[in-house]
Amino acid sequence: RAKHQGRNACRFHSETINALAFERLALENALRHALEREEFVLHYQPIFSTRTGKVAAVEALIRWQHPEIGVVMPNQFLPLAEETGLIAPIGQAALEAACKQARAWIDQGLTDIHVNVNLSARQLHTPDIEEKVASALEAAGLPPGVLQLEVPESCVTDKGHDSSALFARINALGVNIAIDDFGSGYSSFAFLRRLPTNSLKIDQGFVRNSATEVEDAEIITAIIAVARGLHLTVVAPGIETQGQFAALSRYECDQVQGFLFAHPMPAAEMTAYLRRGDIPPCLVPRE
Ligand code: C2E
Ligand code: MG
Ligand code: MG
């Protein structure tokens, strides 16, 4: 009996592995098709200036509009895209689309627009990344100062790559780089000081707990102090509640982003939003 169960357990195990392998392969194929069929779309989420309450920039966030499944979120397909290298063409298509959208907004008179585009580790460490960025700008006819790249802290601390030199080459194009998910990696302040960047986005995990966990609030205080010292802009993303915002206000972030103010939205909705020039109620400046 034990033997019998053992054999079943073993068969079950190999079936699971086959199913997983199949799923991975199916997903990989589906991603290739999605790219050909142009099923990837960008949504945009505003980032607000805490001083004026106005939109300082919008962050482009990729979604996969699958014909049968519907909207697939990046966390469900980007890890495999990163592993298989498909992130290169998918990420490049997103970068190009965001640049074209920014150009369209400028052409419609929304001339204050700034667009942030996320880069993955693998994209950043492509040998010709600065040429890829330059070609996206050129194809869209976009002034480089309109674009900012968001690079996760985890991929700039990678010892095998010289991020400072890489950042400098991208900066030379006139494109700024923000460090995303800051505080989740292991950057030393000495390293940060040498890195040509002008803005830090605090890791959402600290923001999530800022209203309830003393330690997280302390980390935010420390991050802001360092950023101030290095003359960097500080962005607090992932603000969902008044409590989190209240906790953060005390630390004086330059910019805020989160569901409390506005969710990511399709381009057409973002256009209407920018045209209205809404200031979220809790960001209206006090006299
Ligand atoms: P990220 O750059 O850290 O983006 C922030 C994520 O938080 C987004 O998730 C956004 O929708 C979500 N978010 C915004 N406000 C709130 C809030 O108040 N509460 C909570 N809980 N979440 C909020 P999303 O859109 O699922 O994107 C996930 C990640 O996928 C991004 O993290 C980024 O690393 C990556 N990604 C997205 N678009 C692209 C792209 O075009 N290229 C590359 N390489 N990566 C991308
Ligand atoms: Mg980001
Ligand atoms: Mg993040």
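Residues numbered from 1 in each chain as written. Chains lettered and ligands numbered in written order. Predicted model: local features only at pLDDT ≥ 70, side-chain atom pairs only at ≥ 80, totals over all residues. Heavy atoms only, no water.

Going by what an unreviewed UniProt entry lists, the protein chain is known as Two-component system response regulator and is assigned to Paramagnetospirillum marisnigri.

A. Structural detail: the layout of surface pockets. Empty space within the largest pocket amounts to approximately 1,100 Å³. Around the largest pocket, the lining comprises 41 residues; the ones closest to its centre are E59, L61, P74, N75 and N118. The residue makeup of the lining of the largest pocket, split by class, is 21 nonpolar, 11 polar and nine charged. (1 Å grid on protein atoms, 1.4 Å probe; cavity = no way out; pocket = protein on both sides within 12 Å on 5 of 7 lines; lining within 4 Å. Points joined across faces, edges and corners; volume = space filled by probe spheres on them. Nonpolar A, V, L, I, M, F, W, Y, C, P; charged D, E, K, R; others polar.)

B. Inspection of the pattern of salt bridges at higher detail. Tallying each qualifying case throughout the model produces 10 salt bridges. In this structure, K201 engages E59 in a salt bridge whose closest nitrogen and oxygen atoms are separated by 2.8 Å. Of this pair, K201 sits in strand β7 (residues 199–202) while E59 sits in strand β2 (residues 55–66), and the two are 142 residues apart along the sequence. In terms of burial, K201 and E59 fall into one category: buried. In this structure, a network of salt bridges that share partners links the residues E59, E150 and K201. (Salt bridge = Lys/Arg side-chain N within 4 Å of Asp/Glu carboxyl O. Helix = DSSP H or I, 4+ residues; strand = E, 2+ residues; numbered from the N terminus. Buried < 20%, exposed > 50% of the residue type's maximum accessible area, 1.4 Å probe, protein only.)

C. Fine view of the coordination of the magnesium ion (ligand 2). Listed as protein donors to the magnesium ion (ligand 2) are E59 (OE), N118 (OD1), E150 (OE) and D180 (OD); their distances from the metal cover 2.0 to 2.3 Å. Between the two metal centres, the magnesium ion (ligand 2) and the magnesium ion (ligand 3), the spacing is 5.4 Å. You can see E59 sitting in strand β2 and its partner E150 sitting in strand β5 (residues 147–152), a full 91 residues away along the chain. Across the pair, exposure class does not vary: E59 and E150 are buried alike. (Donors = N, O, S within 2.8 Å, 3.2 Å for Na, K, Ca; no water.)

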